[in-house]
Amino acid sequence: MTKKRSQGNSEQILPFEKPLFELREIIEATESPEERAKVEQQLRDREKAVFGGITAWERVQLARHPLRPRMLDYTSRILDDFIELHGDRNSGDDPAMICGIGRFNGQTIFVIGQQKGVSTDEKVRCNFGMAHPEGYRKSLRIMKLAERLGYPVVSFVDTPAAHPGIEAEQRGQGPAIANNLLECSRLNTPMLSVILSEGGSGGALAIAMGDEVLMFEHAVYMICPPERCAEILWRDAEKKELAASALRVSAADLKELGVIDRILPEPEGGAHRNPEGAAAVLSDAIGLFLERAAQGAYTLAARQQKFEAMGVWDEVPMESLMAQLLVPDEDPALPLGPAAPEESTGLETEAMARGSE
Amino acid sequence: MGFFKRARFTSSKESKKSIPDGLWIKCVTCGQTVYKNDIELNLQVCPHCEHHYRIGARERIASLVDAGSFEERHQNVTTGDPLHFAVGQETYPERIVRAKEQSGLSEALVGGFATIETQPAVVGAMDSKFIMASMGSALGERFARLVRDAVESRRPLIMFAASGGARMQEGILALMQMAKTANAVRQVNEAGLPYIVVLTDPTSGGVFASWATLGDIIIAEPKAYVGFAGTRLIEGALKVKIPAGFQTAEYQLENGFVDHIVKRTEMREHLGKLLRYLAPQASLRAHAAHR
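In this text the structure is predicted, and so the values were computed from the model without any measurement.

**Some words on the overall build of chain A**
Helix and strand content of chain A: 17 helices and nine strands. Here chain A holds 357 residues, and 59% of them are scored as buried. Once local pairs closer than 6 in sequence are excluded, the contacts in chain A between residues at least 24 apart make up 73%. Total accessible area on chain A stands at roughly 14,600 Å², and carbon and sulfur atoms take up 50% of it.

**Overview of unusual backbone geometry**
Between aspartate 201 of chain B and proline 202 of chain B the backbone carries a cis peptide bond, its omega angle lying at -10 degrees. A positive phi angle, near 60 degrees, is found at arginine 89 of chain A, a position not held by glycine. Position of arginine 89 of chain A relative to the elements: it lies in the loop between strand S1 (81–85) and strand S2 (97–104).

**Some thoughts on the side chain of glutamate 221 of chain B**
Looking at the element boundaries, glutamate 221 of chain B is found in the loop between strand S11 (217–220) and helix H7 (231–238). Filtering out sequence-adjacent residues up to four positions away, glutamate 221 of chain B remains in contact with His52, Arg60, Leu199, Thr200, Ala249, Ile261, Val262, Arg264 and Met267 of chain B.

**Quick look at the pairing of S2 of chain A**
Residues and elements named next belong to chain A. Within S2, six of the eight residues are buried, which leaves it mostly tucked inside the rest of the structure. The sheet contact formed by S2 and strand S3 (residues 107–114) spans eight bridges and is antiparallel. Residue methionine 97 lies in a different strand from S3, and its bridge partner there is glutamine 114.

**Focus: the pattern of salt bridges**
Pairing is possible between side chains of opposite charge, provided their charged atoms come close. Within this structure, the stated rule accounts for 38 salt bridges over all chains. We note a salt bridge from arginine 98 of chain B to glutamate 90 of chain B, for which the minimum N-O separation is 2.7 Å. Counted as one network, the salt bridges with shared partners bring together Arg64, Arg70, Lys116, Asp158, Glu198 and Glu227 of chain A.

**As for the environment of tyrosine 35 of chain B**
Residue and element names in this part refer to chain B. Checked against the element boundaries, tyrosine 35 lands in strand S2 (residues 33–35). By relative accessible area, which is 31% here, tyrosine 35 ends up partly exposed. For the pair tyrosine 35 and serine 210, spaced 175 residues apart in the sequence, the C-alpha separation amounts to 39 Å. In this structure tyrosine 35 touches Leu23 and Trp24, once residues within four positions along its chain are discounted.

**A few points about the domain arrangement of chain B**
All names here are of chain B. For chain B, the assigned domains are domain 1 (21–51) and domain 2 (54–290). Centre-to-centre, using C-alpha coordinates, domain 1 lies 26 Å away from domain 2. Contacts between the two partners involve five residues from domain 1 and, on the opposite side, seven residues from domain 2. When domain 1 packs against domain 2, close to 560 Å² is buried across both sides, 57% of that on carbon and sulfur atoms. Sorting the residues of domain 1 by area buried against domain 2 places Leu43, Gln44 and Glu50 first, and these three jointly supply 79% of that buried surface. Joining domain 1 to domain 2, the criterion identifies one salt bridge. Along the contact surface separating domain 1 from domain 2 lie three residue pairs in polar contact (both at pLDDT 80 or more). Here the side of domain 1 that touches domain 2 is composed, by residue class, of two nonpolar, two polar and one charged.

**Focus: the packing of aromatic side chains**
Aromatic ring pairs are reported here in terms of the distance separating the ring centres and the angle at which the planes meet. Across all of its chains, the model carries eight aromatic pairs over all chains by this definition. Centroid distance phenylalanine 289 of chain A to tyrosine 298 of chain A: 5.2 Å. Interplanar angle 35 degrees. Geometry classified as tilted. Phenylalanine 289 of chain A gets classed as buried once you look at its relative accessible area, which sits at 1%. Among the residues examined, tyrosine 298 of chain A registers a relative accessible area of 13% and is labelled buried. Measuring from centroid to centroid gives 4.9 Å for phenylalanine 143 of chain B and tryptophan 211 of chain B, while their planes differ by 35 degrees, and the two rings are tilted. Of this pair, phenylalanine 143 of chain B sits in helix H4 (residues 137–153) while tryptophan 211 of chain B is found in the loop between helix H6 (205–208) and S11, placing the two residues 68 residues apart along the sequence. As far as burial versus exposure is concerned, phenylalanine 143 of chain B and tryptophan 211 of chain B are alike and both buried. In this structure an aromatic cluster arises from ring pairing among Phe143, Tyr195 and Trp211 of chain B. Over the face of the ring belonging to phenylalanine 21 of chain A we find arginine 24 of chain A, whose NZ or CZ atom lies 5.1 Å from the ring centre.

Calculation notes
- Residues numbered from 1 in each chain as written.
- Chains lettered and ligands numbered in written order.
- Predicted model: local features only at pLDDT ≥ 70, side-chain atom pairs only at ≥ 80, totals over all residues.
- Heavy atoms only, no water.
- Helix = DSSP H or I, 4+ residues; strand = E, 2+ residues; numbered from the N terminus.
- Buried < 20%, exposed > 50% of the residue type's maximum accessible area, 1.4 Å probe, protein only.
- Contact = heavy atoms within 4.5 Å.
- Areas by Shrake-Rupley, 256 points an atom, 1.4 Å probe, with all protein chains shown as cover.
- Pairing = 2+ DSSP bridges.
- Salt bridge = Lys/Arg side-chain N within 4 Å of Asp/Glu carboxyl O.
- Domains from an automatic or database assignment.
- Buried area = accessible area lost by both parts, 1.4 Å probe.
- Polar contact = N/O pair within 3.5 Å; in protein donor to acceptor, adjacent residues only side chain to side chain.
- Nonpolar A, V, L, I, M, F, W, Y, C, P; charged D, E, K, R; others polar.
- Phe/Tyr/Trp six-rings, centres within 6.5 Å; stacked < 30°, edge-to-face > 60°.
- Lys NZ or Arg CZ within 6 Å of the ring centre and 35° of its normal.

Below you can see the structure in the form of C-alpha cells.
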C-alpha cells in the first residue's frame with residue numbers, strides 16, 4: 001500500500017515538483033548509463049534549487065502533501081513490534097491519537113502521536129489527525145505510565161490543530177491540552193518529540209514538550225494554520241501566503257528561533273517520495289536519543305529550564321517606560337476613570353471570535 | 001495621551017455608534033437608559049441587568065485590593081520583535097506603540113504584590129485593550145516572574161484571565177508561551193501555594209488552553225465568553241449552528257470546568273474569604289512530609 005502511494009499520480013504532484021517529475025521520467029526512459037547519470041545529476045541539482053527556493057506557503061503545501069508518510073508508516077518500518085493501547089480511562093478512545101508500547105532494537109519505548117490517516121476511510125476515522133480531549137488524556141496516561149515504569153517516550157507530531165468542535169469543547173479541549181502541558185513540565189522520563197509533517201497550535205504542543213524536539217526538513221511547525229492567521233490579521237484568508245512567510249514556519253526558521261533542537265534531513269525528493277529513506281533517518285535519530293538517554297543526557301531540570309527560557313522580550317529601564325506611557329503611577333489603587341472603548345479595527349474582536357491559539 | 005479622553009462604552013456585539021455620547025448610555029443587554037456614572041461606580045456592571053462590561057486591568061485591580069497595597073511588578077518587561085512581523089504598513093513594534101496608547105499599559109498583563117481584605121497575595125489581571133490580551137513572549141515572561149514572586153514571598157497567586165488567544169505577530173514563540181506558563185504553574189503547585197484563576201470575558205485560545213484552566217480554583221464572571229476554539233471557527237469547520245449559551249461561564253460550570261460564578265461586585269469579598277481559608281499551612285505540610 002505504501003509503495004503504491006509513494007509513486008503518486010498527477011494530482012499528487014505539487015506545481016513546483018513538476019520539473020522534478022519530468023526529469024525522473026526522462027531518467028526512466030534513458031537507456032545509456034552515461035546519459036542516465038547525467039540526468040540524475042541534473043535532477044539532484046534541480047531538487048536542491050527547487051526545495052531551497054520554495055516560498056513559505058509552498059513549504060506548508062509540501063508539509064501537507066498527501067503522500068507524506070504518516071506516523072504509522074514510520075512506526076511500522078522502525079519498530080520491531082507495537083502494541084497499541086486504547087482509551088483515556090475517562091470517557092473514550094480517540095483514533096486521532098495513537099499510543100502504545102513499541103519495541104525498538106530490543107528496547108521498550110512508549111509511543112504517542114497523531115495519525116492523519118492515508119485512505120479516505122482512515123482519514124475520517126482519525127479525524128485528519130485532529131485529536132479530541134480523550135486523545136490528549138490518553139497520551140498523558142501513556143506518558144505517565146512510561147514515567148512510572150521508567151521507560152522513555154517518543155512522540156510523533158502530525159496535526160493541523162486540536163479538533164475545534166462542540167463536543168470537544170464540552171469535554172474540555174482547552175483544559176485537556178493545558179493539563180498535558182503542565183504534566184509534561186514535570187514528566188520525569190526522557191522524551192523525544194518529532195515534528196513529522198505539520199505541527200499546528202496547542203494541539204501539537206500538547207505532545208511536543210520533549211527534552212529534544214526534532215523536525216523533518218520539509219515539515220512546518222506553526223502557531224496556527226496560515227489561513228487562519230491571515231483571517232485574523234489581514235481579515236482575508238487569501239492572504240495565507242503572506243501569513244505563512246511572516247509566521248516563519250520552516251524547520252530552519254524554528255531552529256534559528258531556538259524552538260527545535262535539530263533538523264532531520266529528508267531523502268532526495270522529500271520524505272513523500274522516499275518513505276523508506278525518511279524512516280531510516282528517523283530510526284537513526286531515535287537510536288541516538290535512546291543512547292544518550294541511557295547515558296543520562298536528559299534531565300528534567302534541563303527541560304524545565306528550556307521552556308522557561310522560551311521567547312524574546314525586552315527589559316527597558318523604568319524611567320524610559322514611564323516616559324512612553326505617560327500614565328500616573330503614584331497610586332495605582334486609584335480608579336483610573338471609565339473604560340476605554342475598543343478601537344473599531346475589528347481585528348481584536350475577530351481574534352476573539354476565532355479563538356486563535 | 002488618549003487614556004483619559006475615552007468615555008464611551010461599547011461591547012463587541014454592538015457597534016459603538018449605537019451607544020449615545022454623553023452622560024447617559026443605553027445598556028447593550030437590557031436596553032435600559034443608565035446614568036453612566038452609575039455603571040462606573042458599579043465596577044462597569046449594569047445596575048439593572050448586571051451585564052458585566054469589560055474592565056481594564058488597573059481598574060480591576062483597584063477594585064479588589066486594599067487601598068495603597070498594590071505594588072506593581074515587571075512593567076519593564078516588554079515586547080521584542082523576533083519575527084520582524086508587519087501587517088501591511090504597520091510593523092509589530094508600531095502596533096505595540098498603538099496598543100500602549102490604547103491601553104495606557106506596557107503589556108496586556110498587569111500584576112504585582114497586594115493585599116485583598118488584608119490577606120497578602122500576588123495578583124495579576126489581563127487587559128483586552130492591549131491587542132485583545134493576546135499572549136506573546138513578554139506576557140509569558142511577566143506571568144513567569146509573577147509566579148516567582150508568589151513562590152518567593154509564599155503568597156497565593158490570583159490571576160484574572162482574558163485573552164483572544166496567542167499573539168500572532170510572535171508566531172511559534174507565542175505558542176511556546178503556553179508551555180512556559182504551564183511550567184510556571186507547576187512551580188506554584190510545587191510550592192504548595194493556592195493558584196486561583198478568574199475567567200473573564202473573553203478568555204479563549206492559547207490562554208484558555210494553558211494557565212487559565214490550570215487553576216486550583218477556577219472562578220468565572222457571569223456570562224463571560226470562555227472557551228478554546230472560537231464559535232465562528234467551529235461554525236466554519238462543522239457547518240453547524242452553535243447552540244445558545246455555548247462557551248459561556250455557565251456552560252463551563254455545567255460541564256465541570258469552573259468551580260463557581262461570582263459577580264464582579266462580590267469578587268473582592270469572595271477572594272478575601274478564599275485567601276483566608278487557604279492561607280499556606282506550614283505545619284500540616286510538614287506532617288505530610290513525615291509520613
